[in-house]
Amino acid sequence: MDFAYTPEQESLRQEVRAFIEENVSPEVRQEIEELGIRHRGPKVREMYRKLGERGWVGISWPKEYGGQDGSRIDQYIVEEEFARAGITVGGAGSGAPAILAAGTEEQKKYFLPGLIKGEISFALGFTEPQAGADLASLQCRAVRDGDDYVINGQKMFTTAAHYASHIYLMARTDPEAPKHRGISIFLFPMDTPGITVRPLWTIQNDPPAPSGTTYGDARTNEVFFEDVRIPASCLLGDENMGWYVGAMGLNLDRVGASRYLISVKRDEDIVNYVKENQLGDYAVAEDPSVRDRIAELWIEAQVCRLMTMRSMSLVEQGGNFTYEGSAEKVFAPEHGVRTTETISQILGPYAQLLNGSEDAIEEGVFAHNLMGSFQSGINHGSTQVMRDQIARRGLGMPRG
Amino acid sequence: MDVLPNEEEQMVKNLAREFLEAECPPRLAREMEKDDLGYPPELWQKMADLGWLGISLPEEHGGQGLPLTYLGIIMEELGRAIAPVPLHSTAMAALAVAEAGSAEQQRQLLPRVSRGDLILTWAFTEQTPRFRPETIHAEAVPDGDDFILTGTKMFVDNFNVAEQCLVACRTAPAAADGDTAAANPGAGLSLLLVDTASRGVSHTPLTTLAKDKQSKVFFDGVRVPQANLVGPRHQGWPIIQRMLDRGTALLCAQMVGAARKDAEMGIDYAKNRAAFGRPIAAFQSIQHICADMILWVDGGQLLTYEALWKMDQGLPASVEVSQAKAFCNDKCEAVVRSSQVIHGGMGFMMEFDLHLWFRRVTAWTMRLGTSFEHRAKIAQSLLDQPGRVRLGMDQIPVG
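The paragraphs below set out a description of the structure included in this document. Everything numeric here is computed off the predicted structure, so don't read it as measured data.

1. Topic: the overall build of chain A
Next, step 1: Secondary structure summary: chain A contains twelve helices and eight strands in total.
Next, step 2: Its C-alpha atoms give chain A a radius of gyration of 22 Å, near enough to 21 Å, the size a compact globule of 400 residues would have.
Next, step 3: Overall, the C-alpha framework of chain A stretches about 75 × 45 × 45 Å when taken along its three principal axes.
Next, step 4: Going through the 400 residues of chain A one by one, you find that 54% of them count as buried.
Next, step 5: In chain A, the share of contacts with a sequence separation of at least 24, taken over all contacts with a separation of at least 6, comes to 71%.
Next, step 6: One finds the centroid of the 40 positive side-chain charges in chain A at a distance of 4 Å from the centroid of its 57 negative side-chain charges.

2. Things to note about the side chain of Glu324 of chain A
Residues and elements named next belong to chain A.
Next, step 1: Locating Glu324 in the fold gives a position in helix 10 (residues 324-347).
Next, step 2: Among buried Asp, Glu, Lys and Arg side chains, Glu324 stands out as unpaired, with Arg310 the closest opposite charge at 5.5 Å.
Next, step 3: A distance of 2.9 Å separates a polar atom in the side chain of Glu324 from the backbone nitrogen of Thr322.
Next, step 4: Discounting chain neighbours no more than four positions away, the residues touching Glu324 are Arg310, Ser311 and Leu314.

3. Quick notes on the packing of helix 1 (residues 7-23) of chain A against helix 4 (residues 72-84) of chain A
Residues and elements named next belong to chain A.
Next, step 1: Between helix 1 and helix 4, the shortest axis-to-axis distance is 10 Å and the interhelical angle comes to 30 degrees. The angle between helix 1 and helix 4 places the two elements in the roughly parallel class. The two elements helix 1 and helix 4 cross, and the hand of that crossing is right-handed. Seen from helix 1, the contacting residues are Gln9, Leu12, Arg13, Val16, Arg17, Phe19 and Ile20; seen from helix 4, they are Ile73, Asp74, Ile77, Val78, Glu80, Glu81 and Phe82.
Next, step 2: In terms of residue class, the contact of helix 1 with helix 4 is made up of eight nonpolar, one polar and five charged.

4. Some points on unusual backbone geometry
Next, step 1: In this structure, the amide linkage connecting Asp206 of chain A to the following residue, Pro207 of chain A, adopts the cis form with an omega of 0 degrees.
Next, step 2: Mapping Pro207 of chain A onto the fold places it in the loop between strand 6 (195-201) and strand 7 (219-231).
Next, step 3: Residues other than glycine seldom take positive phi values, yet Lys211 of chain B does so here, at roughly 50 degrees.
Next, step 4: Structurally, Lys211 of chain B can be placed in the loop between strand 6 (201-206) and strand 7 (214-225).
Next, step 5: Taking the relative accessible area as the measure of exposure, Lys211 of chain B reaches 36% and is therefore partly exposed.

5. Things to note about helix 5 (residues 87-100) of chain B
Residue and element names in this part refer to chain B.
Next, step 1: In this model, helix 5 (14 residues) spans 20 Å end to end at C-alpha, consistent with the 20 Å of a helix rising 1.5 Å per residue.
Next, step 2: Within helix 5, twelve of the 14 residues are buried, leaving the element largely enclosed by the surrounding structure.
Next, step 3: Of the residues making up helix 5, those classed as buried are Leu87, His88, Ser89, Thr90, Ala91, Met92, Ala93, Ala94, Leu95, Ala96, Val97 and Ala100.

6. Some details on the pairing of strand 4 (residues 166-172) of chain A
Residues and elements named next belong to chain A.
Next, step 1: Where burial is concerned, most of strand 4 is hidden: seven out of the seven residues are buried.
Next, step 2: Of the two faces of strand 4, the one holding His166, Tyr168, Met170 and Arg172 and the one holding Ile167, Leu169 and Ala171 are both buried throughout.
Next, step 3: Relative to strand 5 (residues 183-189), strand 4 runs antiparallel, the two sharing seven bridges. Note on strand 5: the bridge partner recorded for Leu169 is Phe186.

7. Digging into a negative patch on the surface
Next, step 1: Judged by side-chain charge, Glu33, Glu34, Glu362 and Glu363 of chain A come together as a negatively charged surface patch.
Next, step 2: You can see Glu34 of chain A is positioned in helix 2 (residues 26-35).

8. Points about the packing of aromatic side chains
Next, step 1: Per the counting criterion, the structure on display carries 18 aromatic pairs over all chains.
Next, step 2: Geometrically, the ring pair formed by Phe3 of chain A and Trp309 of chain B is tilted, given 6.0 Å between the ring centres and 50 degrees between the ring planes. Here Phe3 of chain A, found in the segment before helix 1, pairs with Trp309 of chain B, found in helix 8 (residues 284-312), and the two come from separate chains. As far as the burial class goes, Phe3 of chain A and Trp309 of chain B line up, both buried.
Next, step 3: Ring pairs connect the aromatic residues Tyr110, Phe111, Phe122, Phe126 and Tyr168 of chain A, which therefore count as one cluster.
Next, step 4: Just above the ring of Tyr5 of chain A sits the side chain of Arg13 of chain A; from NZ or CZ to the centre is 5.1 Å.

9. Structural notes on the interface of chain B and chain A
Next, step 1: The partner chain A presents 55 residues to the 53 residues of chain B that form the contact.
Next, step 2: For the pair chain B and chain A, the summed buried surface comes to about 5200 Å²; carbon and sulfur atoms form 64% of the total.
Next, step 3: When the buried surface of chain B facing chain A is broken down by residue, Met1, Arg390 and Leu391 of chain B rank first, second and third, together holding 18% of it.
Next, step 4: In this assembly, chain B and chain A are joined by eight salt bridges.
Next, step 5: For the side of chain B that touches chain A, the elements supplying multiple residues, two or more each, are helix 4 (68-80), helix 7 (237-272), strand 10 (278-279), helix 8, helix 9 (318-343) and helix 11 (371-383) of chain B.
Next, step 6: The greatest single-element share of the side of chain B that touches chain A, amounting to 16 residues, is contributed by helix 8 of chain B.
Next, step 7: Here the residues of the side of chain B that touches chain A are counted per class, giving 29 nonpolar, twelve polar and twelve charged.

10. Let's talk about helix 9 of chain B
Residue and element names in this part refer to chain B.
Next, step 1: Compared with the 38 Å implied by 1.5 Å per residue over 26 residues, the 37 Å span of helix 9 between its first and last C-alpha is a close match.
Next, step 2: Within helix 9, 23 of the 26 residues are buried, which leaves it mostly tucked inside the rest of the structure.
Next, step 3: Gly344 lies just past helix 9 and shows a positive phi near 60 degrees.

11. A word on the nonpolar core
Next, step 1: Core analysis: the biggest nonpolar cluster contains 207 residues, and Phe82 and Leu347 of chain A together with Met47, Leu78 and Leu87 of chain B have the highest contact counts within it.
Next, step 2: Sort the elements by how many residues they give to this core and helix 7 of chain B lands first, with 19 residues.
Next, step 3: Excluding anything up to four places from it in sequence, Leu78 of chain B contacts Leu20, Met47, Trp52, Ala83, Val85 and Leu87 of chain B.
Next, step 4: In this structure, Ala160, Ile167, Phe186 and Ala232 of chain A belong to the second largest nonpolar core, which totals 22 residues.

12. Describing the packing of helix 4 of chain B against helix 5 of chain B
Residue and element names in this part refer to chain B.
Next, step 1: At a minimum axis separation of 11 Å, helix 4 and helix 5 run at an interaxial angle of 165 degrees. Between helix 4 and helix 5, the interaxial angle falls into the category roughly antiparallel. You can see that helix 4 and helix 5 cross each other, and the crossing is left-handed. Note on element contacts: helix 5 touches helix 4 through Leu87, His88, Ala91 and Leu95, opposite Leu68, Leu71, Ile74, Met75 and Leu78.
Next, step 2: Residues belonging to the contact of helix 4 with helix 5 are distributed by class as follows: eight nonpolar, one polar and no charged.

The rules behind each value
- Residue numbers here run from 1 along each chain, matching the order of that chain's written sequence.
- To read the labels, note that chains go from A and ligands from 1, taken in the order they are written.
- Only residues with pLDDT of at least 70 are given local features in this predicted model, and only at 80 or more are side-chain atom pairs given and counted; all residues enter the totals for whole chains, interfaces and linings.
- Side-chain descriptors were evaluated using all non-hydrogen atoms of the structure, hydrogens and water having been removed beforehand.
- Strands here are runs of E lasting at least two residues and helices are runs of H or I lasting at least four, both read from the DSSP assignment and numbered beginning at the N terminus.
- The size measure is the radius of gyration over C-alpha atoms, and the globule rule it meets is 2.2 Å times the number of residues to the 0.38 power.
- In this scheme, a residue with accessible area under 20% of its type's maximum is buried, one over 50% is exposed, and one in between is partly exposed, where area comes from a 1.4 Å probe on protein chains only.
- Any two residues having at least one pair of non-hydrogen atoms within 4.5 Å are treated as being in contact.
- All tallies of charge rest on Lys and Arg as positive and Asp and Glu as negative; His and the ends of each chain are not included.
- Here the site of a charge means NZ on Lys, CZ on Arg, CG on Asp, or CD on Glu.
- Only one rule defines a salt bridge in this text: a Lys or Arg side-chain nitrogen within 4 Å of an Asp or Glu carboxyl oxygen.
- For the purposes of these results, a polar contact is taken to be a pair of N or O atoms within 3.5 Å, where, inside protein, one atom must be able to donate a hydrogen and its partner to accept one; residues adjacent in sequence count only when each atom of the pair is a side-chain atom.
- Between N-to-C directions, angles span 0 to 180 degrees; the directions come from axes that are lines fitted to C-alpha atoms, helices contributing only their stretch in contact.
- Relative orientations are named as follows: roughly parallel for angles under 35 degrees, roughly antiparallel for angles over 145 degrees, roughly perpendicular for angles from 65 to 115 degrees, and oblique for any other angle.
- Each helix crossing is assigned a hand: it is left-handed if the near helix lies turned anticlockwise from the far helix by less than a right angle, otherwise right-handed if that turn is clockwise.
- When residue character is reported, Ala, Val, Leu, Ile, Met, Phe, Trp, Tyr, Cys and Pro are called nonpolar, Asp, Glu, Lys and Arg charged, and the others, Gly included, polar.
- Expected span of a helix, by definition, is 1.5 Å for each gap between consecutive residues, and there is one gap fewer than residues.
- Here, a strand pair is defined by DSSP locating no fewer than two bridges between the strands.
- Distance thresholds for patches are 9 Å for like charges and 5 Å for nonpolar side chains (Val, Leu, Ile, Met, Phe, Trp, Tyr), applied to residues having over 30% relative accessible area and no salt bridge.
- The accessible surface values rely on the Shrake-Rupley method and a 1.4 Å probe; as for residues, cover is taken only from the protein chains in view.
- Ring pairs shown here join Phe, Tyr and Trp side chains whose ring centres sit within 6.5 Å, with only the six-membered ring taken for Trp; geometry is labelled stacked below 30 degrees between planes, edge-to-face above 60, and tilted in between.
- Cation placement over rings: the criterion is NZ of Lys or CZ of Arg within 6 Å of the ring centroid and within 35° of the ring normal.
- Accessible area that two parts lose when put together, evaluated with a 1.4 Å probe and summed over both, is termed the buried area.
- Put simply, buried Ala, Val, Leu, Ile, Met, Phe, Trp, Tyr and Cys residues joined by side-chain atoms within 4.5 Å make one nonpolar core.

Right, here's the structure in full:
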C-alpha cells in the first residue's frame with residue numbers, strides 16, 4: 001500500500017498548475033464563459049494545441065496512437081488539475097477505452113490521435129425514449145445493406161450531440177436474437193446525412209448557471225436517424241457483440257478525476273465559504289451542528305477520493321473491475337446530493353437565490369447545483385442499477 | 001499511489017486468515033465470554049510463534065519491525081475471526097514503550113511481548129468519557145525514588161490478565177504553568193507503567209455488551225518507581241495522543257474485519273434463505289442492502305489504511321484517524337445491523353453465531369472516541385485554521 005504520489009507525480013502536478021496559470025488567461029476564460037468549454041473558440045483551441053504538445057492528453061494510451069504509454073495516475077493528475085480550472089481534458093466518457101479494447105487497427109489510428117488533438121469527440125448514443133436503465137431493450141435499428149449499414153431510430157439525452165464530431169451509437173442489428181446479443185456499436189460523423197438533433201433544455205440553466213456550477217449541462221438533445229447510411233467499417237468490434245464491447249469500456253469511462261470532482265467540489269466550497277463569511281450576525285462556522293455535519297460530509301468526500309484512487313490502482317495493477325467502478329458510481333453521486341442539500345440547510349434562504357439575483361451567494365452557484373446534483377446519480381447508469389451490478393457481479397446474488 | 005495491498009501484504013493477510021479459520025472458530029469467542037481469563041493461552045502462544053505479537057515492534061527487541069499497516073492487517077483478520085485475544089491493548093502499550101520508553105524499559109518489556117509472555121494494557125478514561133487531557137485527575141506524587149499514584153480508571157481493557165498497565169496521570173496540576181494552563185491542558189500529564197500486582201491496585205470487572213474483559217481500576221496510594229515513567233515527566237500528552245491515535249486506527253482495522261465477515265454472512269444467508277418461492281438474495285430490496293454493506297466496509301477500510309500508512313511515514317495522521325473512526329463507528333454499525341435484519345429472527349437467537357459479531361462491532365463503536373468527538377476534531381482542522389482547504393491535501397490537526 002502506498003497512499004502518496006511519487007515525487008515525479010508531484011512535480012507533474014506543479015508543471016500542470018504552472019501551465020494552467022500561464023495558458024488559461026482571462027481571455028481564454030472569457031471565451032469559455034461565452035461559448036462553453038466544448039464549443040471551442042480560437043483561444044481555447046490554441047490552449048488545447050499546446051496541451052497536446054505537452055503530451056498530457058491520453059497519457060496512459062499507447063504511444064503508437066498518440067499517447068505516452070504512461071500511467072493512469074499521471075493522467076488522473078492532469079485531469080484533476082484541469083477539471084479544477086473548469087476545463088475538461090480526456091478522461092471519463094471519451095469512448096477511448098472501448099476503442100482500445102475492440103477497435104480495428106484503422107479505427108485506433110484514426111480515432112485516438114483525433115481524440116488527443118481534440119479534433120474528435122463523441123456524443124454517446126445509448127439511451128432511447130423506451131430504453132434507459134434497461135438499455136439492452138434499445139430499438140434503434142442498423143440494417144446491413146451491401147458494404148453499408150442503414151440506421152433508423154431515435155436516441156434521447158444525447159448530451160454532446162450538438163457539438164461532438166462523432167457519435168458512439170448502440171443500435172440493434174439482430175432483432176431475433178436475445179436482447180443482449182443483437183446489439184452493435186457504430187462510430188460515425190455527426191454530419192452524416194439523415195441525422196437530426198433537437199435540443200432538450202434542462203432545469204438547471206434558467207437563468208444561465210454561473211461558471212463553477214457542477215452536474216448538469218444547460219442543454220441535452222434528442223437525435224433522430226432517418227435512413228442514415230454509413231460504411232460497414234464504422235462497426236466497433238464484432239456485429240451483435242456491441243453489448244459486451246461497450247461493457248469493456250464502461251468501467252473505465254466511469255472513473256476519473258472529473259466525475260470524482262463533480263461529487264466533492266462542493267465540500268471544499270462550503271468549508272471555504274463559511275470560513276471566510278458570516279451570514280449577518282450568524283457565525284456559521286461556529287455552529288456546533290454545522291460543524292458536525294460538515295465533518296461528516298468531509299469524511300465521505302475522502303471516501304470518494306479513496307474509491308477513485310482504488311480504481312486507478314486497479315487499472316495500474318492491470319486488474320479487473322468486478323464491482324469497484326460501480327461502487328464509486330454509487331457512493332460519490334449520492335454523497336454529492338447529501339452535500340448539496342446540506343448546504344441549502346446551512347445557508348438557509350440565501351441558497352435559493354439564482355444567478356443574477358440581488359444578494360445571491362457566489363452568483364447563485366449553490367442554488368443552481370441544487371437543481372442538478374441528483375442528476376449525477378441518474379446518468380451513465382443510475383445508482384439503483386449500479387447497486388444491482390454490485391450485488392450480482394460483485395456479490396454473486398441471483399437475478400429476481 | 002497504490003491503495004491496494006501489495007503481494008507481501010496480501011500474503012500476510014492470507015496466512016492470517018487461513019490460520020485463524022483453522023485455530024479460532026466462533027465457538028472459541030463464545031467460550032471466552034464465560035472464561036475467567038477471557039483468552040485462550042494456547043492460541044496466544046501460537047500467535048506469538050507466528051511473530052504477530054511483535055510484528056510492528058523493533059527488530060532489536062525481538063519484533064519484526066514491519067510497518068503498522070501490517071499490524072493493521074493482523075488486527076483486521078483478528079476482527080474477522082472475532083479472536084478473543086488481548087493483542088489490541090498489548091500492542092497499544094507496547095508501541096508507546098517502543099516510541100517513548102527508556103532503553104531499559106524497551107529491553108525489559110518488548111522481547112517478552114513478542115514472545116507472548118507479557119500482556120499489557122493502558123488506562124486513560126476516568127469519569128468523563130472524552131479523550132481530552134482535562135479529564136485526567138489521577139495523580140502521581142513524587143516520594144523519594146517513587147511516585148504515589150492515586151485515582152480511578154474506567155474501561156481498562158484486559159486488566160484482569162495484564163501484568164503491566166500504562167497509566168495516564170497527572171504529575172503536575174494543570175494550573176502549574178500559571179496563565180498558560182488554560183491554553184495547554186495537556187501540560188502536567190505523564191505516563192506511568194504500573195505493575196498490576198502492586199499493593200493498592202484493585203479492580204472491578206464491568207459487564208459489557210461484548211462480554212469482553214474491561215475493568216474499573218482503583219489506584220489507592222500505589223507506589224510506582226520513578227524509573228517506570230514512560231517519556232518525559234509532565235510531557236506525556238503528545239505520547240498519549242499518538243498512543244490513542246495508533247490504538248484507534250488499529251481498532252478501526254479490527255472493526256472493518258469483523259464488519260466485512262458479518263456482511264458476508266448476511267449475503268450467504270440471503271442466498272440460502274427462500275421466501276415467496278425464491279432465495280431472498282433475488283430481491284432487489286435485499287440486494288441493495290448488501291451492496292451498501294460492502295460500500296460501507298470498503299470505505300472504512302480505505303480510510304483506516306490511509307491513516308495507518310500516514311503514521312508509518314511519520315506524517316501527521318490524527319485527522320485521518322478521526323475520519324476512519326467516525327466513519328467506522330457509523331457505517332460498521334450499519335453493516336452489522338443490516339446483517340441482523342437480513343437474518344430476521346434467526347439473528348436474534350443466542351444459539352446462532354451472528355450476534356457474536358454484532359455485539360462486538362457495536363461495542364467497539366463506543367471505544368476510543370465517539371463519532372461526535374472525532375468529527376469535532378475534523379471540524380477543528382477544517383474550520384479553525386486560516387487558509388483554504390482542498391481535498392487530498394493534508395489537513396493539519398489541531399489540539
